[in-house]
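Breakdown of the fold
Below, each chain spelled out in residue letters.
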Amino acid sequence: MSRASAILIQLQQDHAGNIYISGTGRDRELGGIALTFSLDTPSLSVPGAFQSFQKLTDSQLECDVILLGWTSPGGELVGRDVWDGSLQASEAWEKYPDLKAFAGEEDVSTFALSAIFDVHQTEDVGATASGSPVLITALQKEAPTVKVKDSSLMSKRAPVISIRGRDAVQVGTKTVTWYSEYVAALFGNFD
Amino acid sequence: MALSTDADALLKRLQSLSFSSKPSSASPLNTAFRDSLRDFAESHDYAYAVRPNSFN
């Protein structure tokens, strides 16, 4: 089997208008790891997400790596809120009628994620991070010098982390790689 | 691994669209950016740019 036939770039949308561009991992049963940015408002996370995606899909991890664009009309992360369950799709469609165009797409509940990364490359030396304890622990194993800040960043469906700074892509890709192996080992124990 | 020329150009275009394509007054959605993302995902050029030998 050639490598080309093993690695696919797959495009999907959900009924909140979120866009998922997935680089397939070795174990399709595991939830993907998302690199996120805003779709409808200027997003400084676009370069970090794309550069991380490129590095990680080339490595083909255990988990899918997903470029995930959140629907964000008027700067409001409606797509993330619907995915997270804190907002009903019907409420989003009522508030932003243009989103009804996506009503025929798959329900957000079918898109399971193992983790959500916001990789934001800036000119600041080094990197800082904030987010869910399990991902902060993963990050500290791979990049122990990164400064960790307190954060209320959270999601009901998956651990979340934000990484900022000049080294954000390097730190982010290392952390995603470690966490992908961790998730694979975790679920491997149930097999 | 450094970005290839094609992928670098593509990233710059997407980044530019993210900032410069303002949603119209008729829609709060950035359709130009969304369309470019779909093109990006469906583009064979991207696959070649990322993995030059993938299709050998």
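Let us look at the structure shown here. Keep in mind that what you see is a predicted model, and the values were worked out from it rather than measured. (Residues numbered from 1 in each chain as written. Chains lettered and ligands numbered in written order. Predicted model: local features only at pLDDT ≥ 70, side-chain atom pairs only at ≥ 80, totals over all residues. Heavy atoms only, no water.)

Points about the pattern of salt bridges
All names here are of chain A.
- In this structure the tally under the stated criterion is eight salt bridges over all chains.
- In this structure, the salt-bridge partner of Glu62 is Arg26, at a minimum N-O distance of 3.0 Å. Here Glu62 is found in the loop between helix H2 (46-59) and strand E4 (65-70), whereas its partner Arg26 is found in the loop between strand E2 (19-23) and strand E3 (32-38), with 36 residues between them in sequence.
- The exposure class assigned to Arg26 is partly exposed, which follows from its relative accessible area of 48%.
- Residues Asp118 and Arg164 are paired through a salt bridge, measuring 3.9 Å at the closest nitrogen-oxygen approach. Here Asp118 is found in strand E5 (residues 113-121), whereas its partner Arg164 is found in strand E8 (residues 160-165), with 46 residues between them in sequence.
- By relative accessible area, Arg164 is classed as partly exposed at 38%. (Salt bridge = Lys/Arg side-chain N within 4 Å of Asp/Glu carboxyl O. Helix = DSSP H or I, 4+ residues; strand = E, 2+ residues; numbered from the N terminus. Buried < 20%, exposed > 50% of the residue type's maximum accessible area, 1.4 Å probe, protein only.)

A look at H2 of chain A
Residue and element names in this part refer to chain A.
- The end-to-end C-alpha distance of H2, which contains 14 residues, comes to 20 Å, matching closely the 20 Å that a straight helix rising 1.5 Å per residue would cover.
- For H2, the buried fraction is high: 11 of the 14 residues fall into the buried class.
- A positive backbone phi angle near 45° is found at Gln60, which sits one or two residues after H2. (Expected span 1.5 Å × (residues − 1).)

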